[in-house]
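Notes for the structure review
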Amino acid sequence: MVRNLQRDAVRILVVGRQGSGKGEQCRRLAETFDLDHISTGDLLRAAVRDFTPLGPSVADHLLRGELVPDDIVSGVVAERLTASTARGQGAVLDGYPRTVKQGQRLRELLAPADIDLAIHLDVPRSTAVERIQNRRVCRSCGRAGRSTTTCRHCGGPTEHRADDWPAAIGRRMSEHARDSAPLLEWLADVARVVTIDGRDEPDAVGGRIADAVQDHLALVEVVTERSDETVLADW
Ligand code: AMP
């Protein structure tokens, strides 16, 4: 079901450690609210797979589990955001920003619009590591699931993600530990942040996220309507 937002394009961020379920939840949000799902991980993996000029240097960072340099990531985000904005479509950003610097860059890219809402998908490190170790990604549809040899969505063959090996998982968890607290603190100053417990089943988590988005947008609508009335009364 597509929920009708009845307002201008919205920009929602989903932040959380790898293994928190961001990818699946962003996919659902995009479907429910008709948003462009902008996943920096997917865009970077596509740059490698499609042999683009950026591919070789991106591949090194991905395999080591390190952040890809800001100018490359922000470049791919800017290109994709420009395209969705031109279509009048909102976006859900999956995996960007990961640092305060990227957040500042994102606000520049969005101006004069801004971040509407940030969802912080919270799972403990141990849960995230266990999920990543059991994660298999479908080679046909790209969706992630738990260890089976065939995808339960399309029946395609599944495989480990190339960066889901112990040292790279550890590095990604450490980077998250370093960057997430400052990012969340900064986000709380510039946008509304809603924290959702991501430990439950995907359907339950997805329902809570969709409700949070709907509530926030309803709130914004009321505020906008009230300020319009005030302007009219003054006029
Ligand atoms: P993900 O698909 O979100 O798990 O991301 C996979 C990998 O892509 C990360 O481990 C990083 O190497 C890279 N990556 C994704 N998003 C970013 C970002 N915002 N900044 C830097 N590197 C990123």
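Here the structure is shown first, and the text comes after it.
Let us look at the structure shown here. (Residues numbered from 1 in each chain as written. Predicted model: local features only at pLDDT ≥ 70, side-chain atom pairs only at ≥ 80, totals over all residues. Heavy atoms only, no water.)

1. Digging into helix H3 (residues 55–64)
Our working definition: We call a residue buried when its accessible area falls under 20% of the maximum for its residue type, exposed when it is over 50%, and partly exposed in between, using a 1.4 Å probe and counting protein chains only. The helix count covers DSSP runs of H or I at least four residues long, the strand count covers runs of E at least two residues long, and both are numbered beginning at the N terminus.
Among all positions of H3, only Gly 55, Val 58, Ala 59, His 61 and Leu 62 are buried. Directly beyond the C-terminal end of H3, a positive phi value near 80 degrees is found at Gly 65.

2. Quick notes on the state of the cysteines
Put simply, the rule reads: The disulfide criterion used throughout: a pair of cysteine sulfur atoms within 2.5 Å.
Inspection of every chain in the model, using the stated rule, returns zero disulfides. Lacking any disulfide linkage, Cys 26 is separated from the closest cysteine sulfur, that of Cys 141, by 16 Å. Look at Cys 26 and you get buried, because its relative accessible area is 0%. Looking at the unpaired Cys 154, the closest cysteine sulfur is the one in Cys 138, lying at 3.6 Å.

3. Points about the sheet that holds strand S2 (residues 36–39)
Using the following cut-off: What makes two strands pair is DSSP finding at least two bridges between them. Whenever a helix is involved, its axis is fitted only over the stretch in contact; in every case the axis is a line through C-alpha atoms, and angles between N-to-C directions fall within 0 to 180 degrees. Contacts are residue-level and defined by heavy atoms, with any inter-residue pair within 4.5 Å sufficient.
Read from one edge of the open sheet, five strands run S2-S3-S1-S4-S8, paired in parallel fashion. Lying at the two open borders of the sheet, with one neighbouring strand each, are S2 and strand S8 (192–197). In this sheet, neighbouring strand axes are inclined to one another by 20 degrees on average, regardless of whether the strands run parallel or antiparallel. Where strand S1 (residues 11–15) meets strand S4 (residues 117–122), four bridges bridge the pair, whose relative direction is parallel. From the neighbouring strand, Leu 13 faces S4, where its bridge partner is Ala 118. Against the sheet, helix H4 (residues 70–86) touches S1, S2 and strand S3 (91–94), its axis set at about 175 degrees to S2.

4. Some points on the packing of helix H2 (residues 40–49) against H4
As a reminder of what qualifies: Just so you know how the angles are binned, under 35 degrees is roughly parallel, over 145 roughly antiparallel, 65 to 115 roughly perpendicular, and the rest oblique.
At a minimum axis distance of 10 Å, the contact between H2 and H4 shows a crossing angle of 105 degrees. As judged from the angle between their axes, H2 and H4 are roughly perpendicular. For the pair formed by H2 and H4, the contact residues are Thr 40, Leu 43 and Leu 44 on the first element and Ile 72, Val 73, Val 76, Val 77 and Arg 80 on the second.

5. Let's talk about the nonpolar core
Selection rule: As used in this record, nonpolar core signifies buried Ala, Val, Leu, Ile, Met, Phe, Trp, Tyr and Cys residues forming a set joined through side-chain atoms within 4.5 Å.
Formed by 22 residues in total, the largest nonpolar core has its most connected members in Leu 106 and Leu 187. Contributing elements (two or more residues each) for this core: S1, H3, H4, S3, helix H5 (100–110) and helix H7 (166–190). In terms of residues, this core owes the most to one element, H4, which gives four residues. One finds Val 14, Cys 26, Leu 29 and Ala 212 within the second-largest nonpolar core, a separate group that totals 20 residues.

6. So, the packing of H2 against H3
To keep it simple, the criterion reads: Crossing handedness is defined as follows: a turn of the near helix away from the far one that is anticlockwise and smaller than a right angle gives a left-handed crossing, while the clockwise case is right-handed. In the scheme used here, Gly and all other residues not listed as nonpolar or charged are polar, with Ala, Val, Leu, Ile, Met, Phe, Trp, Tyr, Cys and Pro taken as nonpolar and Asp, Glu, Lys and Arg as charged.
Contact geometry for H2 and H3: axes closest at 8 Å, N-to-C directions at 125 degrees. In terms of axis orientation, H2 runs oblique to H3. The chirality of how H2 crosses H3 is left-handed. On H3, the residues touching Leu 44, Arg 45, Ala 47 and Val 48 of H2 are Gly 55, Val 58, Ala 59 and Leu 62. Of the residues assigned to the contact of H2 with H3, the class counts are six nonpolar, one polar and one charged.

7. Regarding the sheet that holds strand S5 (residues 135–138)
Pairing within the open sheet is antiparallel, and its three strands lie in the order S6-S5-S7. At either margin of the open sheet sits one strand with a lone partner, and together these are strand S6 (144–146) and strand S7 (158–159). Looking at chain direction, S5 and S7 are connected through two bridges and run antiparallel. Considered in S7, the bridge of Val 137 is made with Glu 159.

8. Comments concerning the site of the ligand
Operational definition: In this text, near means that some heavy atom of the residue lies within 4 Å of the molecule or strand in question. By the criterion applied in these results, polar contacts are pairs of N or O atoms within 3.5 Å in which, for protein atoms, one can donate a hydrogen and the other can accept it, and in which residues neighboring in sequence qualify only through two side-chain atoms. Under the convention used here, a 1.4 Å probe and the Shrake-Rupley method define accessible areas, while residue burial counts only the protein chains that appear.
Inspection of the region around the ligand gives 18 residues, with Gln 18, Thr 40, Glu 66, Gly 95 and Arg 98 positioned closest. Within the backbone of Val 68, an N or O atom sits 2.9 Å from a nitrogen atom of the ligand. A distance of 2.9 Å separates a nitrogen atom of the ligand from a polar atom in the side chain of Gln 102. If the ligand stood free it would expose 480 Å²; the protein chains cover 97% of that surface. At four residues, H2 tops the list of elements feeding residues into the shell around the ligand. For the shell around the ligand, the class distribution of residues is six nonpolar, five polar and seven charged.

9. Quick notes on the side chain of Asp 94
Stated formally: In this tally Asp and Glu are treated as negative and Lys and Arg as positive; neither His nor the chain ends contributes. The rule for a salt bridge is simple: a side-chain nitrogen of Lys or Arg has to be within 4 Å of a carboxyl oxygen of Asp or Glu.
Here Asp 94 is to be found in strand S3. One buried charged residue, Asp 94, remains without a salt bridge, the closest side chain of opposite sign being Lys 22 at 4.3 Å.

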